[in-house]
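Topology and contacts: notes
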Amino acid sequence: MWRLPGVRAALRRIRTAVEQLSRAEAESEKEAGAMERAVVRCVPSEPKLSLSFALADGSHKNMQRDQSEPLGRVLSRIATNALKGHAKAAAAKKSRKSRPNASGGASCSGPGSEPAVACEPVVKLYYREEAVAEDVLNVDAWQDGAVLQIGDVKYKVERNPPAFTELQLPRYIMAGFPVCPKLGLEFGDPAGSLFRWYKEAKPGAAEPEVSVPSPLSPSSPSSWTETDVEERVYTPSNADIGLRLKLHCTPGDGQRFGPSRELESVCRVEAGPGTCTFDHRHLYTKKVTEDAFIRTVSYNILADTYAQTDFSRTVLYPYCAPYALELDYRQNLIQKELTGYNADVICLQEVDRAVFSDSLVPALEAFGLEGVFRIKQHEGLATFYRKSKFSLLSQHDISFHEALESDPLHKELLEKLVLYPSAQEKVLQRSSVLQVSVLQSTKDSSKRICVANTHLYWHPKGGYIRLIQMAVALAHIRHVSCDLYPGIPVIFCGDFNSTPSTGMYHFVINGNIPEDHEDWASNGEEERCNMSLTHFFNLKSACGEPAYTNYVGGFHGCLDYIFIDLNALEVEQVIPLPSHEEVTTHQALPSVSHPSDHIALVCDLKWK
């Protein structure tokens, strides 16, 4: 797990202390009217601040006020709201013929008079036991620890406390697969927050610790038993099959804690698929590598926009069970596979925007990685890096056709291409992109690395287009790694849609491609575009030339590579690919035990 044992123990002690303190405060409130809470959200980039609190009549007020407004206007509005609330409460009590006016506001009626008429209560804001002047601006007046007084009721002001802006559990949960909640945190940090997982009590279980009504079945309450997991991620066991899960979490920033929230899963834990193609590979990646190494993953994860079509179900992957093509199912496998590699750098292709934000970011963030995304058209590229090892220094993403047309860096290449109008038209129609991230070591700021990620044009007859795209990519990467950051090493990952026998692969490995190479006429004589190309890199495929990295019913071949700069990096270890028996257990890929039609490449690289 991504937290150190000492940190987990410390957080457990803090959580216990917070809960004990909360219970003590609750008891003291009963005994001696402890202060209520008034929560203020004030962000410099926004013109308004928000103020929320509960009035004595039980109503909850949420106010939006200009930060530049004088405090007196807000206090006056609060007094008016309190008066209205008091009047409504008094009217309700009269209609029920209940007891006389309760405390919380002053009464202007005298003995024996008709129904009480409430007076506007005194409203003041205090800071360090002194009243804040009414001409002080809101942005300065509402400080953390101030006290708001409304009549007889006092409120402790909490300015920008940690709070969840989003909290969501996956829609499909399987035994043996990590459950990674999607968290949106403001003024807080997941590492400083507290988590506790519960599971539904089985029928006949002895005295559950918690019993609350279930939103799925209000008529029959669900009972919950506490698990021993106090981490952000929970991995259900087979014993949890058929049960729902509940997460209790408290947002924190390492010093303060905000209001806790609870969230129940809408689905029950289902049985997993058994052994997956990546389970054996995880035996080689049980731990995060030492600082001298960079465990790198390149993986086309199969975009949902392509998997969920009639063509995919009936033509491309007819051998795959329909439920195994569903995104909710595949996401469980993708999350488990990626987190199990304990990688430092992960480059992904065919990433749906929603999959990036709703699935990959929550899962990988929980295991210490941060990511960036580049959209292509219907899907895009994602690069993740381990935060304890790297920080993101800069991004230099491009669209191939836009860069070729407008960047002077590619002027010579464009001049060659315009001599072949048919080929030029086809090249400029393609939407492929290149994602380039410059990372800096957190341990040694002099160590930087250029991580490139791409997905080249897919069509089998598009060899010449891929050559042009690769020429643009390498020229751009050279600009970043030589001009902008002189001398930094390069890792270039992707689905290049090119086998080792193609011109694209020859160009990358050998540094040149002759003008008479057959791939210049890959789509026939009409689109032939003869030209010679060179690049200065000394690149090698870190994982060699596997028999295949893509295995579907009608094709199998090596299309994916992790190219590395041999002048600065060397290969320490290549994680073995799944055996042919594992890949073909369910005929081809994807399958119930493998989420994509591609296979991830994983290797440990070492700085020279």
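Shown above is the structure to which this text applies.
First, a word on what this report is: a plain description of the structure on this page. Counting from 1, residues in each chain are numbered in the order their sequence is written. Whole-chain, interface and lining totals are the exception, using all residues; otherwise, since this is a predicted model, local features are given only for residues with pLDDT of at least 70 and side-chain atom pairs are given and counted only at 80 or more. Only hydrogens and water are set aside when side-chain values are computed; all heavy atoms of the structure are taken into account.

The helix and strand tally for the chain stands at 13 helices and 31 strands. Think of it in three bands: residues with accessible area under 20% of the maximum for their type are buried, residues over 50% are exposed, and the middle band is partly exposed, with areas taken using a 1.4 Å probe on protein chains only. Relative to its 608 residues, the chain shows a buried fraction of 49%. Considering only intrachain contacts with a sequence separation of at least 6, the fraction spanning at least 24 residues in the chain is 70%. Calculation of accessible area relied on Shrake-Rupley with a 1.4 Å probe; when residues are assessed, cover is drawn exclusively from the protein chains displayed. Total accessible area on the chain is roughly 28000 Å²; 50% of this is exposed by carbon and sulfur atoms. Runs of H or I in DSSP of at least four residues are treated as helices and runs of E of at least two as strands, each being numbered from the N terminus. We call two residues contacting when some pair of their heavy atoms lies within 4.5 Å.

Moving on, we get to the sheet that holds strand β6 (residues 147–150). Within a sheet, adjacent strands bond to each other through the backbone by hydrogen bonds, running parallel or antiparallel. One requirement defines pairing of two strands: DSSP has to find at least two bridges between them. Read from one edge of the open sheet, seven strands run β3-β2-β1-β7-β6-β4-β5, paired in mixed fashion. Looking at the sheet topology across the chains shown, the edges are occupied by β3 (60–66) and β5 (130–131).

Turning our eyes to something else, we now look at the pairing of strand β29 (residues 560–565). Buried residues dominate β29, accounting for six of its six residues. Strand direction decides the pairing type here: strand β23 (residues 490–495) and β29, joined by five bridges, are antiparallel. Residue I491 lies in a different strand from β29, and its bridge partner there is I564. Bridge analysis of strand β26 (residues 539–541) against β29 gives three bridges, and the strand direction is antiparallel. Each bridged residue has a counterpart across the sheet, and for S541 the counterpart in β29 is F563.

Moving on, we come to unusual backbone geometry. The linkage connecting L589 with the following residue, P590, adopts the cis geometry, with an omega of -5°. Along the polypeptide, P590 turns up in the loop between α13 (580–583) and β31 (601–607). The phi dihedral of R128 is positive, around 55°, even though this residue is not glycine. Take R128: it is sitting in the loop between β4 (123–127) and β5. Of note in this structure, Q587 is not a glycine but carries a positive phi near 85°. In this structure Q587 comes out as exposed when scored by relative accessible area, which is 52%.

Let us now look at helix α10 (residues 421–429). Within α10 the residues assigned to the buried category are A423, Q424, V427 and L428. Around the axis of α10, the buried residues are gathered within 125° of arc, so they sit on the same side. Packed against the buried residues of α10 are α8 (400–406), α9 (411–417) and α11 (463–484). Starting at the helix axis, one direction is taken to each C-beta atom, and the arc is that of these directions.

Among the structural elements, P500 can be located in the loop between β23 and α12 (503–510). Accessibility expressed as a relative area gives 27% for P500, which makes it partly exposed. Distance from P500 to G544, taken between C-alpha atoms, is 9.7 Å for residues 44 residues apart in sequence. Those residues in contact with P500 that sit more than four places away from it in its chain are Y505, E545, C558 and Y561.

Attention now moves to empty space enclosed by the protein. The rule is simple: put a 1 Å grid over the protein atoms alone, call a set of points where a 1.4 Å probe fits but cannot get out a cavity, call an open set with protein on both sides within 12 Å along at least five of seven lines a pocket, and count a residue as lining if it has an atom within 4 Å of a point. Grid points are joined across faces, edges and corners, and a volume is the space filled by probe spheres set on the points. By the definition in use, this model includes two cavities of 30 Å³ or more. Roughly 30 Å³ of volume is contained in the second largest cavity. Elements supplying a minimum of two residues to the lining of the second largest cavity: α8 and α11. With three residues, α8 is the single largest residue contributor to the lining of the second largest cavity. Residue classes follow a fixed rule: Ala, Val, Leu, Ile, Met, Phe, Trp, Tyr, Cys and Pro count as nonpolar, while Asp, Glu, Lys and Arg count as charged, and any other residue, Gly among them, counts as polar. Of the residues contributing to the lining of the second largest cavity, the split by class is four nonpolar, two polar and one charged.

Pairing in this open sheet of six strands is mixed, and the strands run β17-β18-β16-β15-β31-β30 from one edge to the other. The open sheet has two edge strands, β17 (369–375) and β30 (569–574), and neither has a second partner. Across the sheet, the mean angle separating the axes of adjacent strands is 25° when strand polarity is ignored. Here helix α7 (residues 353–366) sits on the sheet and contacts β16 (345–351), β17 and β18 (380–386); the angle it forms with β17, its principal contact strand, is near 170°. In this description, a line fitted to the C-alpha atoms serves as the axis of each element, helices being fitted only across the stretch in contact, and the angle between N-to-C directions of two axes falls anywhere from 0 to 180 degrees.

The subject of this paragraph is the pattern of salt bridges. Between side chains of opposite charge, pairing is possible as soon as their charged atoms come close. Definition used for salt bridges: Asp or Glu carboxyl oxygen within 4 Å of a side-chain nitrogen of Lys or Arg. One pass over the full model with this rule turns up 24 salt bridges. A salt bridge links R528 to E525, with the nearest nitrogen and oxygen atoms 2.8 Å apart. Taking relative accessible area as the criterion, R528 reaches 28% and is therefore assigned partly exposed. When its relative accessible area of 57% is taken as the criterion, E525 is described as exposed. One connected set of salt bridges, linked through shared partners, spans E200, R244, E264 and R268.

This part takes up the nonpolar core. To form a nonpolar core, buried Ala, Val, Leu, Ile, Met, Phe, Trp, Tyr and Cys residues must be joined to one another through side-chain atoms within 4.5 Å. With 48 residues, the main nonpolar core has V297, L338, I346, L348, L360 and F384 as its most contacted residues. Of all the elements in the fold, those that place two or more residues in this core are β15 (293–300), α6 (327–340), β16, α7, β17, β18 and β27 (550–552). With six residues, α7 is the largest single contributor of residues to this core. Not counting chain neighbours up to four residues away, the residues in contact with L338 comprise V297, Y299, I346, L348, L360 and L364.

This brings us to the side chain of T549. Among the structural elements, T549 can be located in the loop between β26 and β27. Pairing of N or O atoms within 3.5 Å defines a polar contact, subject to two protein rules: one partner must be a possible hydrogen donor and the other a possible acceptor, and residues neighboring in sequence count only if both atoms are side-chain atoms. Side chain to side chain, T549 and D560 meet in a polar contact 2.6 Å long. In this structure T549 touches G557, C558, L559, D560, D597, H598, I599 and L601, once residues within four positions along its chain are discounted.

Moving on, we get to the packing of aromatic side chains. Pairing of aromatic rings covers Phe, Tyr and Trp, the last counted by its six-membered ring, and requires centre-to-centre distances within 6.5 Å; plane angles under 30 degrees mean stacked, over 60 mean edge-to-face, and any other angle means tilted. Here the structure, examined in full by the defined rule, presents 16 aromatic pairs. Relative to Y561, the ring of Y505 lies with its centre 5.0 Å away and its plane at 40°, an arrangement referred to as tilted. Highlighted residues: Y505 in helix α12 and Y561 in strand β29, separated in sequence by 56 residues. Of the residues examined, Y561 reaches a relative accessible area of 0% and is grouped as buried. Taken together through their ring pairs, the aromatic side chains of F492, F496, Y505, Y561 and F563 make up a single cluster. Any Lys NZ or Arg CZ that is within 6 Å of a ring centre and within 35 degrees of that ring's normal is treated as a charge sitting over the ring. Positioned over the ring face of F536 is R478, at 4.2 Å from the centre of the ring.

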